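So the chains spell out like this:
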Amino acid sequence: MSNFTLKKFLSRSELQREKLKDYRNIVLVQVIIVVFGLVLSEPIIENSKSEISKLIISVFSFFGAAYAFLLWDLLRNFTNSRALILSILIVLSGIVFTGMLVEFPYYQLIHIHDRQMYLLTIHSLLFPIEITVISFSLRDIFTGEFMTSDKLWGAASIFIMIGISFGSLYDLISIARPGSLGQNFELGLPNYSECVTYSFCILGGIDPGLEPVRLIRNISVLEAVWGGLYGMLIIGKLLGLPRAEKDNQ
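Residues numbered from 1 in each chain as written. Predicted model: local features only at pLDDT ≥ 70, side-chain atom pairs only at ≥ 80, totals over all residues. Heavy atoms only, no water.

Visitor: Summarise the packing of helix H5 (residues 115-141) against helix H6 (residues 149-176); cite the residues concerned and give the values.
Guide: Across the interface, H5 lies against H6 with an axial gap of 9 Å and an inter-helix angle of 155 degrees. One element, H5, and the other, H6, form an angle in the roughly antiparallel class. When you trace H5 past H6, the crossing you get is left-handed. Grouping the amino acids of the contact of H5 with H6 by side-chain chemistry returns 16 nonpolar, seven polar and five charged. (Axes fitted to C-alpha atoms, helices over the stretch in contact; angles between N-to-C directions. Helix = DSSP H or I, 4+ residues; strand = E, 2+ residues; numbered from the N terminus. Parallel < 35°, antiparallel > 145°, perpendicular 65-115°, else oblique. Left-handed = near helix turned anticlockwise from the far one by under 90°. Nonpolar A, V, L, I, M, F, W, Y, C, P; charged D, E, K, R; others polar.)

Visitor: Requested: an account of the packing of aromatic side chains, with residues and values cited.
Guide: Enumeration over the complete set of coordinates arrives at seven aromatic pairs. When the ring of phenylalanine 60 is compared with that of tyrosine 192, the centres are 6.0 Å apart and the planes differ by 65 degrees; the resulting orientation is edge-to-face. On the criterion of sequence distance, the pair formed by phenylalanine 60 in helix H3 (residues 51-75) and tyrosine 192 in helix H7 (residues 189-204) is long-range, its members being 132 residues apart. With respect to burial, phenylalanine 60 and tyrosine 192 carry one shared label: buried. Judged by centre distance (5.2 Å) and plane angle (85 degrees), the ring pair of tyrosine 170 and tyrosine 198 falls under edge-to-face. Of this pair, tyrosine 170 sits in helix H6 while tyrosine 198 sits in helix H7, and the two are 28 residues apart along the sequence. In this structure tyrosine 170 comes out as buried when scored by relative accessible area, which is 0%. On the basis of relative accessibility, which here comes to 4%, the residue tyrosine 198 falls in the buried class. (Phe/Tyr/Trp six-rings, centres within 6.5 Å; stacked < 30°, edge-to-face > 60°. Buried < 20%, exposed > 50% of the residue type's maximum accessible area, 1.4 Å probe, protein only.)

Visitor: Tell me about the packing of H3 against helix H4 (residues 82-102), and name the residues and values.
Guide: One way to put it is that H3 packs onto H4 with a least axis distance of 10 Å and a crossing angle of 175 degrees. Overall, the two elements H3 and H4 adopt an arrangement that is roughly antiparallel. Between H3 and H4, the residues in contact are Ala65, Ala68, Phe69, Trp72 and Leu75 and Leu84, Ile85, Ile88, Leu89, Leu92, Ser93 and Val96, respectively. Class assignment for the residues of the contact of H3 with H4 results in 11 nonpolar, one polar and no charged. (Contact = heavy atoms within 4.5 Å.)

Visitor: Describe the side chain of lysine 19, with residues and values.
Guide: As for its placement among the helices and strands, lysine 19 is situated in helix H1 (residues 12-39). Apart from the residues lying within four places of it in its own chain, the contact partners of lysine 19 are Asn77, Phe78, Asp140 and Asp150.

Visitor: Before we move on, can you summarise the environment of leucine 70 with the specific residues and values?
Guide: Tracing the chain through its elements places leucine 70 in helix H3. Once residues lying within four places of it in the same chain are set aside, the contact partners of leucine 70 are Asn25, Ile26 and Val29.

Visitor: Account for the nonpolar core, naming residues and giving values.
Guide: In terms of nonpolar packing, the biggest core is built from 55 residues, with Tyr67, Met161 and Tyr230 touching the most fellow members. Within the residue set of this core, elements represented by two or more residues are H1, H3, H4, H5, H6, H7 and helix H8 (214-239). Look past the residues within four positions of tyrosine 67 in its chain and what remains in contact with it is Ile26, Val29, Gln30, Ile33, Glu130, Met161 and Ile164. Residues Ile95, Tyr118, Ile122 and Ile175 belong to the second largest nonpolar core, which totals seven residues. (Core = buried A, V, L, I, M, F, W, Y, C linked by side-chain atoms within 4.5 Å.)

Visitor: So, the pattern of salt bridges: which residues are in play, and what are the values?
Guide: Under the counting rule described, the total for this entry stands at five salt bridges. Between lysine 21 and glutamate 18 there is a salt bridge whose closest N-O contact spans 3.3 Å. On the criterion of helical spacing, the pair formed by lysine 21 and glutamate 18 is a turn pair, its members being three residues apart in helix H1. Here arginine 76 makes a salt bridge to aspartate 73, at a shortest N to O gap of 2.6 Å. Judged by its relative accessible area of 11%, aspartate 73 falls in the buried class. Put simply, Glu18, Lys21 and Asp22 are held in one network by salt bridges that share partners. (Salt bridge = Lys/Arg side-chain N within 4 Å of Asp/Glu carboxyl O.)

Visitor: Which residues make up a nonpolar patch on the surface, and what values do they have?
Guide: Taken together, the side chains of Ile52, Leu55, Met100, Tyr106, Tyr107, Leu109, Ile110 and Ile112 make up a nonpolar region of the molecular surface, amounting to roughly 750 Å² of accessible area. You can see leucine 109 is positioned in the loop between H4 and H5. Its relative accessible area of 61% is what places leucine 109 among the exposed residues. (Patch = residues over 30% accessible without salt bridge, like charges linked within 9 Å, V, L, I, M, F, W, Y side chains within 5 Å. Areas by Shrake-Rupley, 256 points an atom, 1.4 Å probe, with all protein chains shown as cover.)

What is shown is where atoms sit, not what they do.
As structure tokens, then:
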């Protein structure tokens, strides 16, 4: 952690091991976040102030913060731009610190009068960071002459990133225009969990059972096409690569 950019200071094999570790960690946290969004959202939607909802929100917030910083840690493997890495770290730190003061369910040290604008600002800062990490990760797994373990884990993490990122985009639209998803969910984690659920329904080819506004519906088509295209490209790319003689595990 003393060096912001790992790409510049690690050898090729060390960098590959570092990326493998980072991709694995991200997939683990992604699975937890998606499970929370798909399985444990009902108590939050029914009553976000109940004790069980407060516990779920607290746990989700912890893993959400961990996921954000894991994305930042992964980014350090791809670029030598100290300015980019440092600026993203500052933005993420500010978001997490502000969220602890504003959104933590067991206390609220700062009261925001215009919560809609607050959430809109937070998500407007997070979404470009997600897109940046996805872009660098895509370039990473589609380059190289051998099929290695880090590329397999990277392909899995990017697919889940796509679902989560589109969920963030739907949430951003819903914050700007409440009810865009087809129902009026409480802004914050209740609405975000429904957006993530909707996003993965689109990726999985499942009817989400909602009637969103035309903008979200059109973006959903792009997500479905991109998800299918990504799968074909990944299969074609990775299966066409020879396996390295010594795959660093």
